[in-house]
Each structure stands twice: as C-alpha cells, then as structure tokens.
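# Geometric and topological summary
Listed below are the residues making up each chain.
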Amino acid sequence: MEQPTPPQAPVSPLDALRRICFLLERGRESSYRIDAFRKTIEAITLISDDELRERVEAGTLKQIKGIGDSSAAIIGQAVRGVLPAYLVSAEEKHGEPLTTDGAELYAALRGDLHAHSNWSDGGSPIEEMVLAAVQLGQEWMALTDHSPRLTVANGLSRERLADQLERVDAINASLGEAFTLLKGIEVDIHLDGTLDQDDDMLDQLDVVTASIHSKLRQPSFEMTPRMVAAVRNPRTNVLAHCTGQLVTGGRGKRPPSAFDAEKVFRACLENDVAVEINSRPERCDPPDELIELARDLGCLFTIDSDAHAPGQLDMKSLGCERAERLGIPAERIVTTWPVDDVRAWAKG
Ligand SMILES: [Zn+2]
Ligand SMILES: [Zn+2]
C-alpha cells in the first residue's frame, strides 16, 4: 500500500470531493458532513464537468438533489481551477498518515479481508470502496458485508448476497487485471458455532470472514466451544475481531469476551484459519497479549480495516503498527500475499 498523492489544482469536482471524504473518514470526523459529501458524489458521478461548469455559471447547481452549500462551494472552486478551500483545510487537518510506525509492513500490504459497503452497514457503494483501495495501491480486497441475522446492520439475505455476487462479477469485469474484488462475507457465528449463511452460498465465495456479534458476555465454557466450532468449519478462513472488545469511541467501551484463547488459536492453526488484527482504533482487537499468543503458536494473521467507508481502508496502517511492534513476520500475514495465493489458501 501507499499514501495517495494529494490532488493539485486544477482538480475535478469529483476528485476534490472524494479526497475530502477520504481525509474526513480516515480522520474519524462526524459522519453528518461526510454523508452529505458522499451524497453529492453519488449525485454528480454521471454529470460531466462541462455541465457542472455551466450550472455553476448559471447558478443552477443546487437544483441537483444532493448538492448543498458546502458541496456547491467545492464544485464551484474546482470548476474554476482553484483548489477548493475545504480541501485545503482538510489536508491541513488530516493530510498526514495516521502513523508512520509499521511503514515497512504497510508498504508490503496488498489486500484486505474485511470491508463493508452500503449493501449492509457501510456508507458507500462498492465502487467507491474499490476506487479508494486502488488509490491506496491495494491489489485486492474482499467485500465482506454482514450476514442475514445481523438485521441492525442490514445483513444480506441469500437473495441479496446472490445479487451482490453478480455485481462483484460486473465490477471485476470493468477493472481488468489491475485489481481484484474478492467475493466475501462477514458471517455471524451463531450461539452453537454454526455460520449464519447457507453452505451453498458460502461455497460461492472466495473468502469467509467469521465473527461474533451476539452474546459477547457468555461464560468461557460456552464461548470457547462456540468459537472453536466456527473455526473448525471448513468454510471459515478468518476469525475476525475475536474478543469483541471496544476500547474507545462513540459506541462506548466493552471488555473482551472470555474464552480459552490458546484452544481457539490452536484450532485456527490446525484449520488454517487466520487470526484477524482488526485495525479499527475503537476495536484494537485482539489485545497485544493475544496477538503474542497466536504469534507464538504459529498462527496466520490478517491485517484488516473493517472499513465502513472508503477513507477507513487506510486504518490498516494502525494494524501494521501493532503487528510490526509485536514482531509478526510479513509472510505470516495473509493480506501481504498476492491474490492468487489468497484464493488458493482460502479454498485449500
Ligand atoms: Zn464485525
Ligand atoms: Zn465488519
């Protein structure tokens, strides 16, 4: 991965808005303003710069649904060849990388096994997620929207997942060789350790990322077999945010779930399941001592963003910082592998 270069004037309205959103999302700004800009992006994606310029001159820009005062100012400055003031101030505030520690690992990262679109609880269309991943120099990304039982996150039924897989095929066809969007899922682990999607649907996917979102306070004697059963499922490839802890942020704090980590990670090792290092700052999951345990047992890892917006894809730099500090070798991190190796591993 690499840091995208900030745009210089002249910049197209779309590029300016996308860069602003990227910076605000990566900087964890409130979603209200970002949502407004993302709506503008959707609104103008199919409108030519010439038409936007004409509308700026005629004063009819805000007749387009999804363009408010701030967006109109950005578009107006961009079509006049000026670097929009909003972009300049966003660069000043959020232009620096989140961290430069772990830079070597960050440069070695090629992909991501955990990212969401607006098909479930993400904020952006799949295409915008892909575009941001490409700009970050990623070679591949798994689209892992939620599974049916997570209704609060608009989890995908088997019918909606089938529709999504067609969309992924279409996107890949338009991308050529340069980037691969893998078919994936963040599948919920039921109380009995089974997975929340039909086997025949899971079989159509490139990768299966499994995680727990319910009954996080189960006693260890229930949580451990639940997790081990999910890891032993031959369709599972990644065990995501395994403790469920929340360490900071708007959703409050939550202690890690209680389970026998050695048993769970041994099962990961035996079943070729990767332990996710979830890069989201509020999750920071698993905690250091569990990463060290998995490291010493010889487990595979992933460094994932769990991005719900394009700019959050760059949070993987925070996961890299932790992995490098904890001495995880790059070759044991699946997200540094070429996409063909990832596919072969996941189906192996
Ligand atoms: Zn999750
Ligand atoms: Zn997720």
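As shown above, the structure is provided for reference.
Residues numbered from 1 in each chain as written. Chains lettered and ligands numbered in written order. Predicted model: local features only at pLDDT ≥ 70, side-chain atom pairs only at ≥ 80, totals over all residues. Heavy atoms only, no water.

On to the state of the cysteines, then. In a disulfide, the sulfur atoms of two cysteines are held together by a covalent bond. All chains considered together, the criterion is met by zero disulfides. With no disulfide of its own, C284 lies closest to C242 among cysteine sulfurs, the gap being 12 Å. (Disulfide = S-S within 2.5 Å.)

Moving on to the nonpolar core. Within the largest apolar cluster, 88 residues are counted, with the highest numbers of intra-cluster contacts made by I75, M141, L239, F265 and L313. Top contributing element to this core by residue count: helix α1 (residues 13-26), with eight residues. Leave out the neighbours within four places in its chain, and M141 touches D112, A115, M129, V130, A133, F179, T180, L181, L182 and L313. (Core = buried A, V, L, I, M, F, W, Y, C linked by side-chain atoms within 4.5 Å. Buried < 20%, exposed > 50% of the residue type's maximum accessible area, 1.4 Å probe, protein only. Helix = DSSP H or I, 4+ residues; strand = E, 2+ residues; numbered from the N terminus. Contact = heavy atoms within 4.5 Å.)

So, about the packing of aromatic side chains. Under the definition given, this model contains two aromatic pairs. Here the aromatic rings of F37 and Y86 are separated by 5.1 Å at their centres, their planes lie at 85 degrees, and the arrangement is edge-to-face. In this pair, F37 is assigned in helix α2 (residues 31-44) and Y86 in helix α5 (residues 85-94), connecting sequence segments 49 residues apart. According to the relative accessible area criterion, Y86 is partly exposed, its value standing at 25%. On the numbers, 6.1 Å between centres and 85 degrees between planes, the contact of W337 with W345 is edge-to-face. As far as the burial class goes, W337 and W345 line up, both buried. (Phe/Tyr/Trp six-rings, centres within 6.5 Å; stacked < 30°, edge-to-face > 60°.)

Take the coordination of the zinc ion (ligand 2) next. Summarising the metal site, the zinc ion (ligand 2) is bound by the protein donors H114 (NE2), H116 (NE2), E186 (OE) and D306 (OD), whose distances to it range over 2.1 to 2.2 Å. Geometry at the zinc ion (ligand 2) is irregular, judged from its four donor atoms and the angles of 81 to 167 degrees they form at the metal. The sequence motif formed by the donor residues of the zinc ion (ligand 2) is H-x1-H-x69-E-x119-D. In this structure the zinc ion (ligand 1) is found 3.4 Å away from the zinc ion (ligand 2), and E186 serves as a bridging donor for the pair. Here H114, found in the loop between α6 (103-108) and α7 (126-135), pairs with E186, found in strand β3 (residues 186-188); they are 72 residues apart in sequence, far enough to count as distant. Accessibility classification places H114 together with E186 in one group, the buried group. (Donors = N, O, S within 2.8 Å, 3.2 Å for Na, K, Ca; no water. Tetrahedral: all angles 85-135°; square planar, octahedral: opposite > 155°, others 65-115°.)

This next bit is on the coordination of the zinc ion (ligand 1). Coordination of the zinc ion (ligand 1) by the protein involves E186 (OE), H213 (NE2) and H241 (NE2), with metal-donor separations of 2.1 to 2.2 Å. Going along the chain, you hit the donors of the zinc ion (ligand 1) in the pattern E-x26-H-x27-H. Using a relative accessible area of 2% as the deciding quantity, one classes H241 as buried.

Bringing helix α8 (residues 158-175) into the picture now. A rise of 1.5 Å per residue sets the reference length of α8, with its 18 residues, at 26 Å; its end C-alpha atoms lie 26 Å apart and thus fit the reference within 8%. Buried within α8 we find L161, Q164, L165, V168, I171 and N172. Buried residues of α8, seen end-on, are gathered within an arc of 125 degrees and therefore sit on one face of the element. Pointing more than 90 degrees away from the buried face of α8 are the exposed residues E159, E166, A173 and S174. Phi for G176, located one or two positions after α8, is positive at around 70 degrees. (Expected span 1.5 Å × (residues − 1). Arc of directions from axis to C-beta.)

The contact between helix α3 (residues 49-58) and helix α4 (residues 69-79) brings their axes to 10 Å, and the two run at 110 degrees. Taken as axis vectors, α3 and α4 run roughly perpendicular relative to one another. Contacts between α3 and α4 involve D49, L52, R53 and V56 from the former and I75, G76 and V79 from the latter. (Axes fitted to C-alpha atoms, helices over the stretch in contact; angles between N-to-C directions. Parallel < 35°, antiparallel > 145°, perpendicular 65-115°, else oblique.)

A word on the packing of α2 against α4. Relative orientation of the contacting elements α2 and α4 amounts to 55 degrees, with a least axis distance of 10 Å. Between α2 and α4, the interaxial angle falls into the category oblique. Read as a crossing pair, α2 and α4 show a hand that is right-handed. Across the interface between the two elements, R33, A36, F37, T40 and I44 from α2 touch S70, S71, I74 and I75 from α4. In terms of residue class, the contact of α2 with α4 is built from five nonpolar, three polar and one charged. (Left-handed = near helix turned anticlockwise from the far one by under 90°. Nonpolar A, V, L, I, M, F, W, Y, C, P; charged D, E, K, R; others polar.)

Right, let's get into the sheet that holds strand β6 (residues 274-278). The strand order across the open sheet built from five strands is β3-β4-β5-β6-β7, with neighbouring strands paired in parallel fashion. A strand with exactly one partner marks an edge of an open sheet, and here the two such strands are β3 and β7 (301-304). Bridge count for strand β5 (residues 238-239) against β6 is two bridges, and the pairing is parallel. Residue pairing across strands places L239 opposite V275, the latter belonging to β6. (Pairing = 2+ DSSP bridges.)

Every second residue of β7 is oriented toward a common face, with F301 and I303 on one face and T302 and D304 on the other, all of them buried. Taken together, the four bridges between β6 and β7 define a ladder with parallel strand orientation. Residue V275 lies in a different strand from β7, and its bridge partner there is F301. Since β6 and β7 lie parallel, the crossover through helix α12 (residues 288-297) that links them has a hand, and here it is right-handed. (Right-handed = clockwise from strand over helix to strand, strands pointing away.)

If you walk through the whole model with that rule in mind, you get 25 salt bridges. Of the charged contacts in the structure, one is a salt bridge between E25 and R38, with a shortest N-O distance of 2.8 Å. Highlighted residues: E25 in helix α1 and R38 in helix α2, separated in sequence by 13 residues. As a salt-bridge pair, D112 and K316 come within 2.7 Å of each other at their nearest N and O atoms. Highlighted residues: D112 in the loop between α6 and α7 and K316 in helix α13 (residues 316-325), separated in sequence by 204 residues. Comparing D112 with K316 shows no difference in burial state: the two are buried. Residues joined by salt bridges that share partners form a network here, namely R18, E25, R38 and E128. (Salt bridge = Lys/Arg side-chain N within 4 Å of Asp/Glu carboxyl O.)

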